[in-house]
There are 2 protein chains.
Amino acid sequence: MTERLIHDHSSSINGNQKLNLLFDAHLLQSAFKQYALKDPKLQGNIYNGRYLIRPLAASDYDHGYVDLLRQLTECGKYSSEDFEKRFSDMKQCVNTYYILIIEDLDSDKQIIGSTTLVCEKKFIRQLGIRGRIEDVVVDHHYRGQQLGKLLIELLTKFAKEQCDCYKVSLECKDNLVGFYQQFGYDHEDKQNYLCQRFQK
Amino acid sequence: MTERLIHDHSSSINGNQKLNLLFDAHLLQSAFKQYALKDPKLQGNIYNGRYLIRPLAASDYDHGYVDLLRQLTECGKYSSEDFEKRFSDMKQCVNTYYILIIEDLDSDKQIIGSTTLVCEKKFIRQLGIRGRIEDVVVDHHYRGQQLGKLLIELLTKFAKEQCDCYKVSLECKDNLVGFYQQFGYDHEDKQNYLCQRFQK
């Protein structure tokens, strides 16, 4: 399955199902290889013999993707058609949305982890690309297996080498600062994050 | 000129020149009207009888846009063709890039101010839209005229009402926190901004 997923480009074959993926799975190959040098539990795109790592697919509404996101924050309710429309709108923004998911092959292909890299096109920095890591979540039944680490390391390598980002940033709560520091993320001197929220 | 700019949609007429704009200038109308209620120096899309506010145009490489950005940070060197390619790639990311510029009508239409709103499509928050204010710059010869305030207020209103953002954020240096607080931006409790930069 590993080879098939990686070698097919825009629509990968996973079992008997044709998947419409958010981005070309083949692009992940270099990040997988680098990660596997440090952690041999990653073989191809399978971690620990059980977890398949791949781009989000248009059909993942039916594999618990939105329910997983609900462990992170409020998602509201929407239909699979709404999901597919948003997926398609993201995909039309070329080289922008990279959502990586973990599928549990032992549990009816449920999605049990996900992280997003969003790439912003700039006019500064030699027409640079600025990356942001967003919406990191691992199902609470699956924590303690280094799956969050796997997602962050893979997407950070991917941002640097595949997307050629000049910087990658993220926002996190106080208790997660140490977690992200191990991957090279840190506070920047005199830099502030400010925000405002709007009521609907 | 104000009426002509606002009423033409995707390609506005500015003087005798057809402009290829990054987004529909007409979408700004509501934000202009709200701003003008508090500051009557804004009439239509002209501020203080001299400054035209409009979306970035594909031809703005020739009106000092990149030189203006150099007052903010390093831009490197690239050609007008490279600029137009990046502009076109941004425009193809529908409902994503909103770059607002200020043109000095008394100075050969030089661009003397700019701010960017980038909208990220989400699966969380009822398929929400998350906004970010980026790359705020006013030419140093033009400071002290409230032009930065104008750009931030317009784009914040635009993000809330036109783009339906559930939140808008930005990053800034310590000395600018007070400036942004006047528009409703503030620190969030226990929230950290972390970053890593990559060498080329």
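Everything below is about the structure shown above.
These lines cover the structure that appears in this document, whether it is placed above or below. These numbers were taken from a predicted model, which means no experiment stands behind them.

Procedures and definitions
- Residues numbered from 1 in each chain as written.
- Chains lettered and ligands numbered in written order.
- Predicted model: local features only at pLDDT ≥ 70, side-chain atom pairs only at ≥ 80, totals over all residues.
- Heavy atoms only, no water.
- Helix = DSSP H or I, 4+ residues; strand = E, 2+ residues; numbered from the N terminus.
- Buried < 20%, exposed > 50% of the residue type's maximum accessible area, 1.4 Å probe, protein only.
- Polar contact = N/O pair within 3.5 Å; in protein donor to acceptor, adjacent residues only side chain to side chain.
- Contact = heavy atoms within 4.5 Å.
- Expected span 1.5 Å × (residues − 1).
- Arc of directions from axis to C-beta.
- Pairing = 2+ DSSP bridges.
- Least-squares fit on C-alpha atoms with pLDDT ≥ 70 in both.

Among the secondary structure elements, lysine 122 of chain A is positioned in the loop between β7 (110-121) and α5 (124-127). We classify lysine 122 of chain A as buried; its relative accessible area is 2%. Polar side-chain contacts of lysine 122 of chain A include one of 2.5 Å to the side chain of glutamate 134 of chain B. Apart from the residues within four sequence positions on either side, lysine 122 of chain A is in contact with Leu127, Gly128, Arg130 and Tyr166 of chain A together with Arg86, Met90, Glu134 and Asp135 of chain B.

Our next topic: helix α4 (residues 80-92) of chain B. Residues and elements named next belong to chain B. Over its 13 residues, α4 runs 18 Å from end to end, which matches the ideal 18 Å to within 8%, given 1.5 Å per residue. All of the buried residues along α4 are Ser80, Phe83, Arg86, Phe87 and Met90. All buried residues of α4 project into a common sector of 120° when viewed along the axis, lining one side. Exposed positions of α4 whose direction lies more than 90 degrees from the buried face are Glu81 and Lys85.

Strand order across the open sheet formed by 8 strands is β10(A)-β9(B)-β8(B)-β7(B)-β6(B)-β5(B)-β4(B)-β3(B), with mixed pairing between neighbours. On the outer flanks of this sheet lie β10 (191-197) of chain A together with β3 (42-43) of chain B, each paired with one strand and no other. Strand direction decides the pairing type here: β10 of chain A and strand β9 (residues 165-173) of chain B, joined by 7 bridges, are antiparallel. Opposite tyrosine 193 of chain A, over in β9 of chain B, you have glutamate 171 of chain B as the bridge partner.

Next up on the list: the relation of the copies chain A and chain B. After a rotation of 180° and a shift along the axis of 0.0 Å, chain A superposes on chain B with an RMSD of 0.0 Å. In short, the pair behaves as if placed about a two-fold rotation axis. Across chain A, the smallest distance between a C-alpha and the rotation axis is recorded for cysteine 93 of chain A, namely 2.1 Å. Most of the interface of chain A is mirrored in chain B, where 100% of its interface residues are also at the interface.

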